[in-house]
Amino acid sequence: MPELGRRGGQLMTIAIAAVGVAIFSLLSLPLPFLLGPLFACLAAALMGVRMQDMGRVGTGMRTILGVAVGAAITPDLLTRLPGMAFSVALVVPYIAVIGLVGYPFFRRVCGFDGPTSFYAAMPGGFQDMVIFGEEAGADMRALSLIHATRVLLIVTLVPFLILHFFDQTLDAPPGKPLFDVPVRELALMAVAGIVGWKVGERVGLFGASILGPMILATAFSLGDLLHNRPPAVAILAAQFFIGTSIGAKYMGVTLRELRIDVLAGLVFCVLIGLCALAFAEISASMGWAPPLEALLAFAPGGQAEMAVLTIVAGADLAFVVTHHVLRIVVVIIGAPIVGHMFRWKKADADRSSR
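Keep in mind that what you see is a predicted model, and the values were worked out from it rather than measured. (Residues numbered from 1 in each chain as written. Predicted model: local features only at pLDDT ≥ 70, side-chain atom pairs only at ≥ 80, totals over all residues. Heavy atoms only, no water.)

Topic: the side chain of Ser209
By the secondary structure assignment, Ser209 is in helix α10 (residues 208-222). Of the residues examined, Ser209 reaches a relative accessible area of 10% and is grouped as buried. Those residues in contact with Ser209 that sit more than four places away from it in its chain are Thr59, Arg62, Thr63 and Trp197. (Helix = DSSP H or I, 4+ residues; strand = E, 2+ residues; numbered from the N terminus. Buried < 20%, exposed > 50% of the residue type's maximum accessible area, 1.4 Å probe, protein only. Contact = heavy atoms within 4.5 Å.)

Some details on helix α2 (residues 32-46)
Residue pairs three or four apart in sequence face the same way in an α-helix, which turns once every 3.6 residues. Helix length check: α2 (15 residues) gives 20 Å between terminal C-alpha atoms against 21 Å at 1.5 Å per residue, within 8%. Buried residues of α2: Leu34, Leu35, Gly36, Pro37, Leu38, Ala40, Cys41, Leu42, Ala44 and Ala45, and no others. At the C-terminal side of α2, Gly48 shows a positive phi close to 90 degrees. (Expected span 1.5 Å × (residues − 1).)

Examining the environment of Lys249
Following the sequence through the fold, Lys249 ends up in the loop between α11 (232-248) and α12 (255-285). For the pair formed by Lys249 and Thr218, sequence separation is 31 residues and the distance between their alpha carbons is 32 Å. If we ignore the near neighbours within four places in the chain, the residues touching Lys249 are Phe126, Arg141, Leu145 and Ala148.

Focus: the nonpolar core
Ranked by internal contacts, the top residues of the largest apolar core, which has 105 residues, are Phe106, Leu296 and Phe298. For Leu296, the contacting residues outside a window of four places in its chain are Val158, Ile162, Met306, Leu309, Thr310, Ala315, Val320 and His324. If you look at the next biggest cluster of nonpolar residues, it comprises 9 residues, including Val181, Ala192, Ala217 and Phe220. (Core = buried A, V, L, I, M, F, W, Y, C linked by side-chain atoms within 4.5 Å.)

Focus: the environment of Met214
Mapped onto the secondary structure, Met214 falls in helix α10. C-alpha separation for the pair Met214 and Gly66, spaced 148 residues apart in sequence, amounts to 4.3 Å. Apart from residues lying up to four places away in sequence, Met214 is in contact with Gly66, Val67, Val69, Gly70 and Val321.

Considering helix α3 (residues 55-72)
Restricting attention to buried positions, one finds in α3 the residues Gly58, Gly60, Arg62, Thr63, Ile64, Leu65, Gly66, Val67, Ala68, Val69, Gly70 and Ala71. Packing partners of the buried residues in α3 comprise α9 (183-202), α10, α11, α14 (303-313) and α15 (317-341).

Considerations on the layout of surface pockets
Within this model, the largest pocket holds a volume of roughly 1,000 Å³. Elements with a minimum of two residues in the lining of the largest pocket: α3, α7 (126-136), α8 (140-165), α9, α10, α11, α14 and α15. Sorting elements by how many residues they give to the lining of the largest pocket places α11 first, with 6 residues. The class makeup of the residues in the lining of the largest pocket is 19 nonpolar, 16 polar and 8 charged. (1 Å grid on protein atoms, 1.4 Å probe; cavity = no way out; pocket = protein on both sides within 12 Å on 5 of 7 lines; lining within 4 Å. Points joined across faces, edges and corners; volume = space filled by probe spheres on them. Nonpolar A, V, L, I, M, F, W, Y, C, P; charged D, E, K, R; others polar.)

Quick look at unusual backbone geometry
What you tend to see is this: most non-glycine residues have negative phi, and most peptide bonds are trans. One non-glycine residue, Leu31, adopts positive backbone phi at about 50 degrees. Considering the arrangement of structural elements, one finds Leu31 in the loop between α1 (3-26) and α2. A positive phi angle is found at Asp224, which is not glycine, with a value near 65 degrees. Within the fold, Asp224 resides in the loop between α10 and α11. Its relative accessible area of 55% is what places Asp224 among the exposed residues.

So this is what it looks like as C-alpha cells:
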C-alpha cells in the first residue's frame, strides 16, 4: 500500500476510534478509551469499512504498559513473592485444563484441522500462536479470528464482572497528571520504553514491546530511580490504541467466518472463562489472593489488556501480571514442544474438509 494511502487509512481508523470514545463518554459507559474504540472499530469492520492497523505506533503504545508494570515491581513486592507462590503454581495446571478442553472442542465439535485446533486452544500470545500455527500448517485466518474473539470477549466481560459482582468501580486514576511526574522519571520511562522494546526485539524476546520495557523499568524501580508509573494521559493513549487494534482485527470478516470461526471462538471463550473462574475461586478460597486479583490473574486475556483492566480497577498490578507473564512463557515454550509430538497428516490441514 502506498505510504499516503496507509497514512490516510490510519487517520480514518483513529477517527472511527475517537467517535467510539465520544459515544462511550456521552453515555457514561465504562472504559471509554478502551471499549469505545474497540466497539467502534468492530462495528466499522463488520460494515465493511476498510481500516488500517497502527503499525509500529500501535506496538509502541504497548511499551507504556510494560513500563507501568515494571514500575509496580518494587523492593516491597519482592518480600511478597513467597505469598504469591501457591497462586502462581496454579497457572500450569490451568493451561493444561484449557488445552484438554479446547483441543477436543475445536477438533471434534467444530471440525477444524489438527494444527488449527491445537493452536486455537492455546491461551498464549496472539501473535505467537498464529506464527506457530502457520509453521504447523494451520488455518491462519481462523486462528486470528478465534484469538481475536477470545481477547475481545474477555476485555468486554471482565469489566462487567468487576462492576456487578465485585462492587468495584473502574475509575481508579490510571496515573498521575503529566506535570505531577518528575521530569527525570519521565525521561527514565522513555528510556525504559524505547530501549527495552528495541533491545528486546533485537534479542528475540517474545512480547518485546511489553516485556522489554517491563524488565528495564523494573531495574529502575528496584534501583530506587523510578517511583511512579506513566502519567494518566499515557495510559489512556495505550488504552485507545489497544481497543482500536482489537476491533480492527475483524476487518474483512465474512458471514461464513462469523458463522464458523467467530462463533467457535465465542463458545470456546465461554468454556475457558468457566475454567478461569474455577481456578480464580480456588486461589481466592484458599486465601492465596483477594477475589478481584484472582479473577484478573486467571482471566485468559492478553497481557496488555489485562494490565489496563488491573490499573483501572485499582488492583495489584504486579500480582496480576506475574500470573499472565508465566502463562505466556509456559504456552510459548510448551506449545511448540507438544505440537511437534502430534503427527498431523498433510491432508488434515486441508481446510476444504471443514
